[in-house]
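# Breakdown of the fold
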Amino acid sequence: MKLTRKSDGKSLDAKIQKLIATEFEGLKGSPNFRFDWSLERHSDVYKIVLLSDLDEILGLIMLTDEPSLRRIHIELLESSIINQGADKKLDNIAGCLIAFAISLSFKVGYLGYVSLEPKGHLIGLYRDKYGFEEVSYLMISQVPNSQEILNKYLYNEEE
Amino acid sequence: MKKNNQKGKLTYEELSKTLTDEEIVDAYVLPSELSEEEKKERHAEFKKLRMEQLANMTDEEMLLGELMRMKVQLFDYVSDQVYAEKYSFGNQLKRYLKITGRSQSKFAEEINIHKTALSRIINDKEKPNTDIMYRLEKHSDKMIPANLWYKVHSIKLESEIKKNEIDRKLQYDKVKCTFRLGNTG
């Protein structure tokens, strides 16, 4: 997968890995994130890093697998603070993390079904940016939208 | 920025002091702020809708989902770069036929290849060429690109080339001169 460096538009290779126990400790008090991710050590949390700099965590996502509903739920997602806002350094961090959640959903046989709980003000934006649709109080992605997200953010096969 | 120690304490309201809505969506999925009671009630509603949706899933959705599952697994496989017989070109082509509900003879007809040749490729008795990879890409409506099939097959080729001592010796014996630093002859 690729992230885009805003300063020159260059594509940079990235990967997503599961956070290990010692890494949670390192996130305690981290100035790079607003959430205290060290508190989520008992959850499934994944990080995104550049292949050229495996030590810097660029974004984090916490997922819940719910087999009875055949879904992967995105509990939390955060790009690092320097990659937020108008002056962000890298683009597509959240998109790649969401695409990763979708790839997991396909892998375990949930056919790409992923949900998140949006704040009311943001529903239209999640729809516009990622193609999520409302179901009850959640927003979900499923085929064929999930396929498009994967192709765009993970496989760089945008039409 | 003040550090918040509990999820949910960092709210949309607080983030919106420094980020626009677009910037929040670009960087966050925020945690739930529902009470346990609210969550329970709304979850029950969602569950009902989800179970209905699962019961009404169309064959097309299932097919698309299974093909995407195959694609995701193939991408992981080529990323790992370790040969596994399960992921040989032939076995994955067999898998593709099963997902798409094609018999070998029908599929051979659809991609305009002799069914004997197809059978040999599926049974890993014959190496696939790029022609068939392009045809597979077209047949899957570009869902599984030719270069992905190529990478899958390349992993096996690499594994074979590493292990094939017989051919290695055969070809070594044909080399009359070995380049060595300092050898000007």
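Just so it is clear, the model here is predicted, and its values are computed rather than measured.

On to helix α9 (residues 146-163) of chain B. All names here are of chain B. Between its terminal C-alpha atoms α9 stretches 26 Å, which fits the 26 Å expected from 18 residues at 1.5 Å a residue. Considered for burial, the residues of α9 that qualify are A146, L148, W149, V152, H153, I155, K156 and S159. Tucked inside the fold, the buried residues of α9 contact α4 (59-80), α5 (89-100) and α8 (130-139).

This next bit is on a negative patch on the surface. All names here are of chain B. Taken together, the side chains of E36, E37, E38, E41 and E45 present a region of like negative charge at the surface. If you trace the backbone, E38 turns up in helix α3 (residues 36-55). Taking the relative accessible area as the measure of exposure, E38 reaches 36% and is therefore partly exposed.

On to the interface of chain A and chain B, then. Taken together, the 56 residues of chain A in the interface contact 52 residues of chain B. Between chain A and chain B, the buried area comes to about 4,700 Å², and carbon and sulfur atoms account for 62% of it. Among the residues of chain A in contact with chain B, R34(A), L69(A) and Y137(A) are the three that bury the most area, contributing 15% of the side total. Across the chain A-chain B interface, the total number found is three salt bridges. At the boundary of chain A and chain B, one finds 19 residue pairs in polar contact (both at pLDDT 80 or more). Broken down by secondary-structure element, the contributors of at least two residues to the side of chain A that touches chain B are β4 (59-66), β5 (71-79), α2 (93-107), α3 (123-130), β9 (138-141) and α4 (145-154) of chain A.

Mapped onto the secondary structure, D26(B) falls in helix α2 (residues 21-27). Linking D26(B) and K115(B), residues 89 residues apart in sequence, is a C-alpha distance of 50 Å. When sequence neighbours within four positions are dropped, the list of residues in contact with D26(B) reads S79(A), K88(A), D91(A), A94(A), K129(A) and Y130(A). Engagement of the side chain of D26(B) in a polar contact is seen with the side chain of K129(A), the distance being 3.3 Å.

By the definition in use, this model includes nine aromatic pairs over all chains. Seen from their ring centres, Y155(A) and F75(B) are 3.7 Å apart, and the 10 degrees between their planes marks the pair as stacked. Taken as a pair, Y155(A) in the segment after α4 and F75(B) in helix α4 lie in two separate chains rather than in one. Ring centres of Y96(B) and W149(B) lie 6.4 Å apart, and the angle between their planes is 90 degrees; this geometry places the pair in the edge-to-face category. Within this pair, whereas Y96(B) is found in helix α5, its partner W149(B) is found in helix α9, the two being separated by 53 residues in sequence. A residue is classified by how much of its surface remains accessible, and Y96(B), at 2% relative accessible area, is buried. Using a relative accessible area of 1% as the deciding quantity, one classes W149(B) as buried. Every member of this aromatic cluster is reached through a ring pair, and the members are F89(B), Y96(B), F107(B) and W149(B).

Residues and elements named next belong to chain A. Counting buried residues along β4, six of its eight residues qualify, which places the element largely inside the surrounding structure. When strand β3 (residues 44-50) meets β4, the two strands line up antiparallel, connected through five bridges. When the sheet's bridge partners are listed, D44 is paired in β4 with L63. Here β4 folds back onto β5, and the loop between the two strands holds four residues, one of which, R70, carries a positive phi near 50 degrees.

Calculation notes
- Residues numbered from 1 in each chain as written.
- Chains lettered and ligands numbered in written order.
- Predicted model: local features only at pLDDT ≥ 70, side-chain atom pairs only at ≥ 80, totals over all residues.
- Heavy atoms only, no water.
- Helix = DSSP H or I, 4+ residues; strand = E, 2+ residues; numbered from the N terminus.
- Expected span 1.5 Å × (residues − 1).
- Buried < 20%, exposed > 50% of the residue type's maximum accessible area, 1.4 Å probe, protein only.
- Contact = heavy atoms within 4.5 Å.
- Patch = residues over 30% accessible without salt bridge, like charges linked within 9 Å, V, L, I, M, F, W, Y side chains within 5 Å.
- Areas by Shrake-Rupley, 256 points an atom, 1.4 Å probe, with all protein chains shown as cover.
- Salt bridge = Lys/Arg side-chain N within 4 Å of Asp/Glu carboxyl O.
- Lys, Arg positive; Asp, Glu negative; His and termini not counted.
- Charge placed at Lys NZ, Arg CZ, Asp CG, Glu CD.
- Buried area = accessible area lost by both parts, 1.4 Å probe.
- Polar contact = N/O pair within 3.5 Å; in protein donor to acceptor, adjacent residues only side chain to side chain.
- Phe/Tyr/Trp six-rings, centres within 6.5 Å; stacked < 30°, edge-to-face > 60°.
- Pairing = 2+ DSSP bridges.

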